Amino acid sequence: MIQIAASPVTDGIMTVLQVDTLLYIGLGILVGMLVGAFPGVTATMAVALASGFTLTLEPIQGLAVLLTIYVAAQFGDRVPAILINTPGTPASISTTFDGYPLALKGQAGLALTTSAFGSAFGMLFGILILAVAAVPLSEFARQFGPPEMFALVVFGLTMMVGVSSGRILKGLAAGAFGLLLATVGRDPITGDARFTLNVLELNGGVPFIPVIIGFFGVAEVLNQILTRRRHLHHVKPVTQLGQWMPGRKLMQRLFKPMGIGAVTGSVVGLVPAVGGDIAGIIAWDNARKVSKHPEEFGKGSLEGLTAGDTSSTATLGGSVTTTMALGVPGDSVMAVMIGSMMIWGIQPGPSLFSSRPDLVSSLVTIMLIATILTLGLSLLRMRGMVKLLELPSHYLWVIILIFCMVGTYSINNSVFDVFMMMIFGAVGLFMLRFGFPAGPAVLGLILGPLAEANLRRALITDGWASVFTSPIALVLLAISVAALVVPPLRAQLKRRKAVGAGADPAKVSS
């Protein structure tokens, strides 16, 4: 009898192919598709809510649920973007540029299927990046000492602040708030209690899962209730889907924008904190510049639709790579997932793949299965999805709030956690209403202890010289400064040019 020699790769694959893990993948796909189809329910919110329910699972099973929700939401969010011109998640913003115009022309079915093919191609390309780049990147990062790790955390924080939709000062304030929260608990060097206000539950620090659910779940629901976003449901979804499957000639025409989107999304995805929304817009613009029919873009171009959707999904592989190999979240969803992984005993960072060599193949297998199954589901004529778009928001609000409370309580069976969730839901609502991004705050809370511990170790060893004499640390810190300084300077130059051209500077977007 021939036996196949065990290896980390085969071990990781076989772990995923267990029946129970496959069932969890199926569950994640269904949840992710529904999440994407409901406008206002982001993938970050869904993963945050699911985190509370998956912490009792085995790590691979929990990752299977969270990752497949993330993957499937990248497909489901295209449905409302195309049929009612409303992005299901921020990643599908570029889908609305051409998707809804196509639907108005009676080509909704064609838009949905080509979007699904483009999303799948981008996802597979991103998975290839994960499979190829994750281990070499982590091997390189293993050379990092305390100064380099501190600079890497600063880099991740400032990148998220730098892409906070032009709100750099508010992004900095949110990041500082997160870092302040990270100081609550035990001192990482001496073990002394800090800022706990004699509350026993805070000795271990501010519980990040309740904070995350409050920021991304409760706050968003409260914000929707206050703003009474009923206008979303007054928009009647396009029901005439028309032609469903694209022909061979059309698919051949779409290979070029798919390639542009895949490369753009993969590069953008490797940059910490830059999400699929930005990648989709960049790829859409790049495809327009090289297209033979640029005049069609924004008016119903399948090329524009495919480029944007391919790019926004291709970021996922790079995002998972930077999160696992460097310990710096690739986007807000991965920031949420880091919290769950820490509870499971999985510490993302340079040493992860050396201690868990099977993890890369497990992640790749989970994402491959999720992508293939979700693509198959997306190619079905799911007229029921159109009916879901007509569901009144208040039903969804009640369901989400119930899941928020039950999921938070189930983590430690603690009323204190629910209390913290509600407090940070109110804080998150304040941040939403006044334009403070939640991403930097969450990142500061999660990465703050890592930054503090490494900075203090560096200072104890060689003082500040150890930070400013390390070439890697200097490069990362220089990029961090540029991420904060360049956008305001660019906006200022844009305003000056507009004034010089006789335009009203107040109307010039920054």
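Residues numbered from 1 in each chain as written. Predicted model: local features only at pLDDT ≥ 70, side-chain atom pairs only at ≥ 80, totals over all residues. Heavy atoms only, no water.

Under the annotation held in an unreviewed UniProt entry, the protein chain carries the name C4-dicarboxylate ABC transporter permease and is attributed to Pseudarthrobacter polychromogenes.

A.B. asks: Mind showing me how you'd approach the overall build of the protein chain here?
C.D. replies: Of regular secondary structure, the protein chain possesses 23 helices and 2 strands. Counting over 510 residues, the protein chain shows a buried share of 56%. On the protein chain, roughly 21,900 Å² of surface is accessible, and the fraction owed to carbon and sulfur atoms is 67%. (Helix = DSSP H or I, 4+ residues; strand = E, 2+ residues; numbered from the N terminus. Buried < 20%, exposed > 50% of the residue type's maximum accessible area, 1.4 Å probe, protein only. Areas by Shrake-Rupley, 256 points an atom, 1.4 Å probe, with all protein chains shown as cover.)

A.B. asks: What exactly am I supposed to notice about the packing of helix α2 (residues 19-37) against helix α4 (residues 59-76) here?
C.D. replies: In helix packing, the relevant descriptors are the interaxial angle and the interaxial distance, both defined with respect to the helix axes. Running from N to C, α2 and α4 point in directions that differ by 35°, and their axes come no closer than 6 Å. For the pair α2 and α4, the sense of crossing is right-handed. Counted together, Asp20, Thr21, Tyr24, Ile25, Gly28, Ile29, Val31, Gly32, Met33, Gly36 and Ala37 of α2 and Ile60, Gln61, Ala64, Val65, Thr68, Ile69, Ala72, Ala73, Phe75 and Gly76 of α4 form the full contact between these two elements. (Axes fitted to C-alpha atoms, helices over the stretch in contact; angles between N-to-C directions. Left-handed = near helix turned anticlockwise from the far one by under 90°. Contact = heavy atoms within 4.5 Å.)

A.B. asks: Please clarify how the nonpolar core should be interpreted in this entry.
C.D. replies: Soluble globular proteins tend to pack their nonpolar side chains together in the buried interior. In terms of nonpolar packing, the biggest core is built from 109 residues, with Phe215 and Val320 touching the most fellow members. Counting residues per element, this core draws most heavily on α4, which supplies 12 residues. With residues up to four places along the chain from it excluded, the contact list for valine 320 reads Leu67, Leu130, Met334, Leu363 and Met367. Residues Ile82, Leu83, Leu110 and Leu305 belong to the second largest nonpolar core, which totals 15 residues. (Core = buried A, V, L, I, M, F, W, Y, C linked by side-chain atoms within 4.5 Å.)

A.B. asks: Explain the environment of alanine 370 to me, please; I cannot follow it from the model alone.
C.D. replies: Within the secondary structure layout, alanine 370 lies in helix α17 (residues 359-378). For alanine 370, a relative accessible area of 0% puts it in the buried group. In sequence terms alanine 370 and glycine 28 are 342 residues apart; their C-alpha atoms lie 8.5 Å from each other. Among all residues touching alanine 370, those that are not within four sequence positions of it are Ile29, Thr68 and Val71.

A.B. asks: Looking at this structure, I do not really get the pattern of salt bridges. What am I missing?
C.D. replies: Enumeration over the complete set of coordinates arrives at 9 salt bridges. Across the pair arginine 253 and glutamate 296 runs a salt bridge, and its minimum N-O distance is 3.4 Å. Of the two residues, arginine 253 sits in helix α12 (residues 248-270) while glutamate 296 sits in the loop between α13 (276-290) and α14 (302-326), which places them 43 residues apart along the sequence. Here arginine 253 falls in the partly exposed class, since its relative accessible area comes to 38%. Across the salt bridge formed by aspartate 285 and lysine 289, the nearest N and O atoms sit 3.3 Å from each other. With aspartate 285 and lysine 289 both in helix α13, this residue pair falls 4 residues apart, about one helical turn. Note on lysine 289: relative accessible area 59%, which makes it exposed. One continuous salt-bridge network, built from bridges that share partners, spans Asp187, Arg194, Glu452 and Arg456. (Salt bridge = Lys/Arg side-chain N within 4 Å of Asp/Glu carboxyl O.)

A.B. asks: Please explain the side chain of threonine 196 as it appears in this structure.
C.D. replies: Position of threonine 196 among the secondary structure elements: in the loop between β2 (193-194) and α10 (208-227). By relative accessible area, which is 8% here, threonine 196 ends up buried. With residues up to four places along the chain from it excluded, the contact list for threonine 196 reads Gly185, Leu202 and Asn203.

A.B. asks: What exactly am I supposed to notice about α10 here?
C.D. replies: In an α-helix, one full turn covers 3.6 residues, which means residues spaced three or four apart are oriented alike. Taking 1.5 Å of rise per residue, the 20 residues of α10 would be expected to cover 28 Å, and the 27 Å separating its terminal C-alpha atoms lies within 8% of that figure. In the structure, α10 departs most strongly from a straight axis at glycine 214, where the bend amounts to approximately 35°. For α10, a buried count of 15 out of 20 residues is recorded, marking the element as mostly surrounded by other parts of the structure. (Expected span 1.5 Å × (residues − 1). Bend = angle between axes of the 7 residues up to and from the residue.)

A.B. asks: Help me understand the packing of aromatic side chains in this model?
C.D. replies: The relative placement of two aromatic rings is captured by the distance of their centres and the angle of their planes. With the rule as written, the count across this model stands at 8 aromatic pairs. Consider the rings of tryptophan 284 and phenylalanine 297, whose centres lie 5.7 Å apart with planes at 65°: the pair is edge-to-face. With tryptophan 284 in helix α13 and phenylalanine 297 in the loop between α13 and α14, this pair connects stretches of sequence that are 13 residues apart. With a relative accessible area of 14%, tryptophan 284 lands in the buried category. By relative accessible area, phenylalanine 297 is classed as buried at 7%. Ring plane angle 15° and centroid distance 6.2 Å describe the contact between phenylalanine 430 and phenylalanine 436, whose orientation is recorded as stacked. (Phe/Tyr/Trp six-rings, centres within 6.5 Å; stacked < 30°, edge-to-face > 60°.)

A.B. asks: Quick question: what am I supposed to make of helix α6 (residues 93-104) here?
C.D. replies: With 12 residues, α6 extends 17 Å from end C-alpha to end C-alpha; this agrees with the ideal 16 Å at 1.5 Å per step. The buried fraction of α6 is high, at 9 of 12 residues. Looking at α6, one finds that the buried residues are Ser94, Thr95, Thr96, Asp98, Gly99, Tyr100, Pro101, Leu102 and Ala103. One or two residues past the end of α6 sits glycine 106, with phi positive at roughly 85°.

A.B. asks: Can you walk me through a nonpolar patch on the surface in this structure?
C.D. replies: Taken together, the side chains of Phe53, Val398, Ile399, Ile402, Phe403, Met405, Val406 and Met422 define a hydrophobic patch exposed on the protein surface, amounting to about 690 Å² of accessible area. Relative to the elements of secondary structure, valine 398 occurs in helix α19 (residues 393-412). (Patch = residues over 30% accessible without salt bridge, like charges linked within 9 Å, V, L, I, M, F, W, Y side chains within 5 Å.)

A.B. asks: Hey, could you run me through the packing of helix α15 (residues 332-343) against helix α21 (residues 438-462) in this one?
C.D. replies: The interhelical angle for the contact between α15 and α21, taken along N-to-C directions, is 30°, at an axis separation of 9 Å. Considering the angle they form, α15 stands roughly parallel to α21. Handedness of the crossing formed by α15 with α21: left-handed. The segment α15 lies against α21, with Ala335, Ile338, Gly339 and Met342 engaging Val442, Leu443 and Ile446. Its residues assigned to classes, the contact of α15 with α21 comprises 6 nonpolar, 1 polar and no charged. (Parallel < 35°, antiparallel > 145°, perpendicular 65-115°, else oblique. Nonpolar A, V, L, I, M, F, W, Y, C, P; charged D, E, K, R; others polar.)

A.B. asks: Would you take a moment to explain the environment of serine 119 for this structure?
C.D. replies: Turning to its location among the elements, serine 119 is positioned in helix α7 (residues 108-141). You can call serine 119 buried: its relative accessible area is 1%. Sequence separation between serine 119 and leucine 375 is 256 residues, and the spatial gap between their C-alpha atoms is 8.4 Å. Ignoring sequence-local partners within four residues, the contact set of serine 119 consists of Gln74, Phe75, Arg78, Asp309 and Thr313.

A.B. asks: Is there a simple way to explain the side chain of serine 51 in this structure?
C.D. replies: On the secondary structure map, serine 51 appears in helix α3 (residues 43-54). One polar contact links the side chain of serine 51 to the main-chain carbonyl oxygen of valine 47, over a distance of 2.7 Å. The residues touching serine 51, leaving out its near neighbours within four places in the chain, are Leu66, Ile209, Val336 and Ser340. (Polar contact = N/O pair within 3.5 Å; in protein donor to acceptor, adjacent residues only side chain to side chain.)

A.B. asks: Sorry if this is basic, but what is going on with unusual backbone geometry here?
C.D. replies: What is expected of a backbone is that most residues other than glycine have negative phi and most peptide bonds are trans. Its identity as a non-glycine residue notwithstanding, phenylalanine 195 has a phi of 55°, on the positive side. Tracing the chain through its elements places phenylalanine 195 in the loop between β2 and α10. Take phenylalanine 195: its relative accessible area is 59%, and that puts it in the exposed class. You will see that asparagine 198, though not glycine, has its phi angle at about 60°, which is positive. You can call asparagine 198 exposed: its relative accessible area is 81%.

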